[in-house]
Each structure stands twice: as C-alpha cells, then as structure tokens.
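# A closer look at the structure
Listed here are the chains, written in short residue letters.
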Number of protein chains: 2
Amino acid sequence: MKPASIKDIASKANVSITTVSFILNGKAEKMRISKAVIEKVQAIIKELGFTPNQVARSLRTGNTKTIGLIVEDISNPFFASIARKIEDKAYKKGYKISYSSTENDPVKAKDLIEMFKSRQVDAYIIAPVPGIENDIKRLLADKIPVVIFDRNLPDLEVNFVVVDNFNGTYIATKHLLDSGKKNIAFVTVDLHVDQMNNRLFGYEKALQDYNIQVRKDLYTAVKFDSSDSNTNAQLMTLFENNPEIDAVLFSTNYLAIKGLGVLKQLKKEINKDLSVIAYDDHDVFRLHSPPISVVDQPIEEIAERIIDIVLLELASVNKAVKNREVSKVILQPTFIER
Amino acid sequence: MKPASIKDIASKANVSITTVSFILNGKAEKMRISKAVIEKVQAIIKELGFTPNQVARSLRTGNTKTIGLIVEDISNPFFASIARKIEDKAYKKGYKISYSSTENDPVKAKDLIEMFKSRQVDAYIIAPVPGIENDIKRLLADKIPVVIFDRNLPDLEVNFVVVDNFNGTYIATKHLLDSGKKNIAFVTVDLHVDQMNNRLFGYEKALQDYNIQVRKDLYTAVKFDSSDSNTNAQLMTLFENNPEIDAVLFSTNYLAIKGLGVLKQLKKEINKDLSVIAYDDHDVFRLHSPPISVVDQPIEEIAERIIDIVLLELASVNKAVKNREVSKVILQPTFIER
DNA sequence: ATGAAAGCGCTAACAG
DNA sequence: CTGTTAGCGCTTTCAT
C-alpha cells in the first residue's frame, strides 16, 4: 500500500492541499487558518500516519536537509567519533548525515562530491585529500556551505577547523628533549598533506631550537596504504639499524599502535630502553603498560565547531547574501604525560 | 549559477529531452538512437559537466539509491568497521549510506526510521533496539528490504545476520573452567536484548555443564548509560567484595576496557591474580601487557553478509514478486587465546 | 528513431 | 482565510 500523500489528507479533510501544506509547514498561523481546520487536519494526519515525502519536498525547495560527510576512513576512531558528534547535533536540527570514505584517493573523493552534488546535499563537511581543491572551489562558487577539517588547504578561502599540528609535535618533541633524550626518531605516514607536513616541521623545529641536528636516518615515512607486514618490516628496520634511538614520536595513532607491536617483538622496554609518544589519544595508550604519553586532539571541540559553522551557514544561506567571513578555527592540541 | 538540466542539454543538442534521457539511462541502443546523436549529446553532457539531478530522478522512480544504516553508536569500533565495509560495497553498486545512531533509545530509533522513510531510502540495515519490532514489521509490510544484525528479533520474519552469542561466552567460560578456574565473574550491560541474554546464558550453561553453581554475586550488570565513575565504582565493588574471583568474563569490549582500568587501579595482576577474557576484539587487548584473550566476532564477514543480502534484495525487488525466503545467517565467534 | 506530454508529491505565488 | 495552479527535473508511455 502506497503511503498517504498530501492530496489524500486534503480530500479526506475537505480542504485544499494548500491548506494542508501550510499547516504542515507551520505557516497556518501566518495564513490565519482557523483553529478548527488546523485541528481537524492534524487529526487526520495522525490517523493516517502521514509523513511528507521529503524527496518531493527537496525537489521543490532545493534543499534536502542532508549534510555530506567526506572523510578518509569512517572506521578510524578519530573520524568515527567526530561523525557521531556531528550526527547528534545535526539530528536535533532535522538534518541527516550521509558519509563516505575517500581512502585518501582523490579520484574517489571527486566522485563522491559528484554523487553528493547530484543528491543535492545542503552542505559538505570534508577532511580533504590533496588534489581536491578545485572541486571544493566549485562548491564554494555555487554558494554551498563547506567546512573542511583535520587538514587545511591553505590556498582556499574556506571555513576550516584544524588542530595546530606544528605545535603538537613541537611540544611533544620539546618534552622529550627536556627529559634528556638525544636520538629522537620520528615515524610518520607518506602523505604530503598540510597536516602531516606540519607535524614533521614541529618535530624538526624543536630539535633545531635545542641545537640538535635533524637526522634523516631517524625519520621514517611509512607508505599510506602499505600492508601490515611491510609497515612492520619498515619499523623493525628503523629500530634495529639505530639502536641509539632513545625516544620515538609517532605522527598518527595507528602508526603508534603498529609501532608498539613492533617494539614488543623486539623486546624493547618502554620508558627504559626508549620513550614513546603517540599522536591522537586512544584507549590503547591509556591502558598500555606502561601507559603511553600522547598528543591529544580535542575531538569534541572539533566536532562542535564544525557543526556549528555548518548550521550557521545553513541558517543564513537564504538570508542576507552578504559575504560572510569564512571561519578559521585553529584548536590547540594538548600533551598528556603518562 | 544553477547546474545544467536535462532540458539545457536537449536544447543545446537540438534533440528532445526524451532522447537525452534515453542516452543517460543506457537505453539508447534499445531505442535505436543514431550513433551520431548519441555522441553529440554525450559530448555536450561532458562539456557542461552535467549530472542528472538524483532528487528529481528519485521522485519519479521512487528509489533513492540510498541505504539507511541504523546502529546503536556509529563511533563504536564494531559498528564503525561494519559501516565502512558496507559503504565500500554499496558504493560500487552506486548506493550511498545514511547513518544514524539510536543510543539504544527506542523513541529515537522510531523517529529515525520515520525520517528515513520520508527520505525514501531503498533499504534498511538495522542493529535493532527493543521495542522497534512494529516499526520493522511495517517496513516489511511495505516490501522494503531490511536486514537486521548484531541482535536478532526472534518474533520477526526478517533477514538477519548475527553471531552465536551463546556459544561465544560458552567457549570462553569453558576455556576458563578447563584451566581450573573456579570463581568466574561475569560483567555485562543492563540491556535485556536477545544478544546480551544469550551471552549470559552461554556463561551459565558452561558453569552448569561443569557442575559449578552460578553465583549471583559474581554477576554484575552495569547500566547502559551509566557514567564512567559509576561504572568504575560498580566494578570496583565487584572485585573488592569477592577477592576469590580468579577469572572474569566481560560481555562487551567497552566494559572490558573499563574493567582493565579498574583492575589496574586495584593492582590486580592479570594472569596471576585472575584471568580476563573480553568480548569483541580491539587493539587494546592485543597490545595489552599481558595480552588479553577475547571472543572475536567476524566483523568482515558480518558486513559482507549484510550488504550481500541487501543488494540481492534490492536487485530483485522489482523482479518477480515471489516471496523470497528470508536469510538467516548465524556466524560463529572464535576464541582467541593470548 | 525521435518527440510531446503526463505526472511523481510538494510548495508558494496569486487569486479570490 | 482557502483554493487554483504552475512548476521543481526527470522517466516513460504513447504517438508519429
């Protein structure tokens, strides 16, 4: 049985569909529709369990009450937590979230934006991959609200919410140096995105500030889509070839998790043979014996700022077309010593 | 600037919109449209970067190429991993995923189904909360594909993919008993859903099979939305009041993670003072010192079976209306000894 | 082999 | 205060 339509409601109530539509959209008051009619119509709506067809509504009004969320990988706890928070707030405003994972593939990312576009999502929340700048530019040109996060695209005049990655590794490295470490390794991922670059710079700058030479051989970039065994082999090599390493800073949580596995295999004793700092907190680090210090990103706040900006833009999109300033939010990471 | 419509393409190519539509939908051949026209139209489509408006298409055809995913909490790694797998396969078939978290609240769950319905999603993947049976029944009555997972609703004739929860705790408990444990505590969550009930039954049955009496005081049910500190206090009490506990089985991964924190505080030494088994694997358990044994659910396979069933139903929904048998998939957990 | 036209369900300008 | 009506962009039947 097909669901009831506005027409059915109208005929059953002996009113026009306009009347029903107005009541549905809370414009009954403004249109001075009689209380009696309003109540009658609402009773029938309830009786038939009628819900307006959002697709038809979208076609007519041009907005879908849907926000597109594009991240690298929704199963990464960092993104999953943000997704959850965003969903929560969006839901309260009647918005739904459609998500997609780019796997850091610009082609897929472009394709996803295309798909979302054809589905007419009202706004985009994107953790950008390199090479996607033009697609985002096009969105912006069409006055569609966009917020990017996690990574910034410095060339783009777009809302963003990022964490100060440079400072994150800077304070972590400084901490290691202050506690007397001399040979600090840095393990990162082979992605030349703004955020990873800055994490490297923070590490290097701290070393320089302490007049310690940056040693290329203590720096390892693991390929993004490297297999588990390749990653392990690469890390293994790093530690075996450089037994003088007395501390290691991992630039992502999943690398740190892999690294801990490798160190365990090598029977390196953490805090005795060497110190470990991870980036992005995770239960693993808190419960590890010994616990692992981390650079923590304020996930809740990231999510909140993102969705606030989106909802703000969404609310004002039909209002004054005054060119709103873009929001540039840079949050500070914190170092959690354990 | 508004995006191009099929009309624009048609007029620019001097053909009717029908022709364009046929070409768009791969029906050009069948309609024997000349090659010249096809090529001309396609060139113009590419030139204008035209993509069909999926909303209009949906209104007309009644399908949105969107699947609604309703879980308890998308940020839970179990659900996030499944979400990722499902997204992947769905994407390849041109489907997008809209997700929502129920927070185990039947009211919210109902509301979500309502929202998805009004958005005309083509199919539902649901980790059901109690009290939602009727809403699912209604979906089924409307011949909308539904797959439920994680928890079964025994009263419903609906596709499901679940893991044998009874057997999961049974084998874990048996393992503990075989290694000579006598006072095995069971920590679970205060949710009387099929899946949690079965985990309790598996534990109890194993004890009975070994002629060991089930002791109520070694069983603790933490409230679902209990605060961290309350949960910790409750666990603390359990271990302090019952120093004879020589093993503990946690029925969820997040409870086990909290439990490990508490045991750490109590300075209990794992594998010496007592053994610990968790439910659902997690990096935390693998990397823990000592590593924690777990009952592992085959996440990949769960996701695969779910999406396969959904896509199958979606593909056959317009075909013969023969009443397809519902798929009942029960997967086996494995015990990972560490 | 191609075009005209109806209509999916809804909103909102306009007319009474 | 309420009704009529014109689309939103697309698919598809029917006609040519």
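Named according to an unreviewed UniProt entry, chain A is LacI family transcriptional regulator originating from Pedobacter psychroterrae.

## Digging into the interface of chain B and chain A
In this complex, chain B contributes 54 residues to the contact, which on the side of chain A involves 54 residues. Of the roughly 4,600 Å² buried between chain B and chain A, counting both surfaces, carbon and sulfur atoms make up 57%. One salt bridge in this structure joins R84 of chain A and D73 of chain B, with 2.8 Å as the shortest N-O distance. Taken together, chain B and chain A are joined by 25 residue pairs in polar contact (both at pLDDT 80 or more). Elements represented by at least two residues in the side of chain B that touches chain A include exactly α4 (54–61), β1 (66–71), α5 (77–92), β2 (96–101), α6 (106–118), α11 (253–265) and α12 (283–287) of chain B. In the sheet, strand β2 (residues 96–101) of chain A pairs with β2 of chain B via 3 bridges, with the strands oriented antiparallel. In the sheet register, S98 of chain A faces β2 of chain B, and the bridge partner there is S98 of chain B.

## What about the protein's contact with DNA strand C?
Not every one of the 26 residues close to DNA strand C is listed here, only the nearest: I6, R57 and R60 of chain A together with S16 and R60 of chain B. A share of 63% is what sugar and phosphate atoms reach among the atoms of DNA strand C within 4 Å of the protein. Between DNA strand C and the protein, one listed contact pairs a phosphate oxygen with a side-chain N or O atom of T19 of chain B at 2.9 Å. Here a base nitrogen of DNA strand C sits 2.9 Å away from a polar atom, N or O, in the side chain of R60 of chain B. Those elements that provide at least two residues to the surface near DNA strand C are α2 (17–24) and α4 (54–61) of chain A together with α2 (17–24) and α4 of chain B. Ranked by residue count, the leading element in the surface near DNA strand C is α4 of chain A, at 4 residues. A breakdown of the residues in the surface near DNA strand C according to their chemical character gives 9 nonpolar, 11 polar and 6 charged.

## What about the packing of α5 of chain B against helix α13 (residues 299–316) of chain B?
Residues and elements named next belong to chain B. The contact between α5 and α13 brings their axes to 9 Å, and the two run at 45°. Taken together, the axes of α5 and α13 lie oblique to each other. The handedness of the crossing between α5 and α13 comes out as right-handed. For the pair α5 and α13, contact is made by F78, S81, I82, K85, I86, K89 and A90 and by I299, E300, I302, A303, E304, I306, I307, D308 and L311, respectively.

## Remarks on unusual backbone geometry
Note that the residue after S289 of chain A, namely P290 of chain A, is joined by a cis bond; omega there is -10°. Of note, P290 of chain A is situated in the loop between α12 (283–287) and β10 (293–296). At N104 of chain A, a position not held by glycine, the phi torsion is positive, near 65°. Relative to the elements of secondary structure, N104 of chain A occurs in the loop between β2 and α6 (106–118). If you check the backbone angles, D150 of chain B has positive phi at about 70° while not being a glycine.

## Overview of the relation of the copies chain B and chain A
Rotating chain B by 180° about the axis while translating it 0.0 Å along that axis superimposes it on chain A, leaving an RMSD of 0.1 Å. Taken together, these values place the two copies in the relation of a two-fold axis.

## A word on helix α11 (residues 253–265) of chain A
Residue and element names in this part refer to chain A. With 13 residues, α11 should cover 18 Å at 1.5 Å per step; its first-to-last C-alpha distance of 19 Å lies within 8% of that length. Restricting attention to buried positions, one finds in α11 the residues N253, L255, A256, I257, G259, L260, G261, V262 and L263. Where α11 starts, the residue carrying a side-chain oxygen 3.5 Å from the main-chain nitrogen of Y254 turns out to be T252. One or two steps after α11, the chain reaches K267, where phi turns positive at roughly 60°.

About the cut-offs
Sequence order as written defines residue numbering, which begins from 1 separately in each chain. Note on labels: chains are lettered from A, ligands numbered from 1, in written order. Where local features are concerned, this predicted model is filtered to residues with pLDDT of at least 70; where side-chain atom pairs are given and counted, the filter is 80 or more; whole-chain, interface and lining totals use all residues. Working from all heavy atoms in the structure, the side-chain values ignore hydrogens and water. Throughout, a contact is declared for two residues whenever any of their heavy atoms are within 4.5 Å. Accessible surface is computed with a 1.4 Å probe, and the buried area is the amount of it that two parts give up when combined, taken over both parts together. Salt bridge, as used here: a side-chain nitrogen of Lys or Arg that lies within 4 Å of a carboxyl oxygen of Asp or Glu. Here a polar contact is recorded for every N or O atom pair within 3.5 Å, except that within protein the pair must consist of a potential hydrogen donor and a potential acceptor, and residues adjacent in sequence are included only if both atoms are side-chain atoms. Comment: elements are numbered from the N terminus, with helices defined as DSSP H or I runs of at least four residues and strands as E runs of at least two. DSSP-based pairing: two strands are paired if at least 2 bridges between them are found. Proximity is defined per residue: if any heavy atom of the residue lies within 4 Å of a molecule or strand, that residue is considered near it. Under the scheme applied here, ten amino acids are nonpolar (Ala, Val, Leu, Ile, Met, Phe, Trp, Tyr, Cys and Pro), four are charged (Asp, Glu, Lys and Arg), and all others, including Gly, are polar. Here the axes come from fitting lines to C-alpha atoms, over the contacting stretch only for helices, and the angles between their N-to-C directions go from 0 to 180 degrees. In this scheme, roughly parallel covers angles under 35 degrees and roughly antiparallel covers those over 145, while 65 to 115 is roughly perpendicular and the rest are oblique. Each helix crossing is assigned a hand: it is left-handed if the near helix lies turned anticlockwise from the far helix by less than a right angle, otherwise right-handed if that turn is clockwise. The superposition of copies rests on a least-squares fit of C-alpha positions from residues with pLDDT of 70 or more in both. Multiply 1.5 Å by the residue count of a helix minus one, and that product is the helix's expected span. Accessible area is worked out with a 1.4 Å probe on protein chains only. A residue is then buried under 20% of its type maximum, exposed over 50%, and partly exposed in between.

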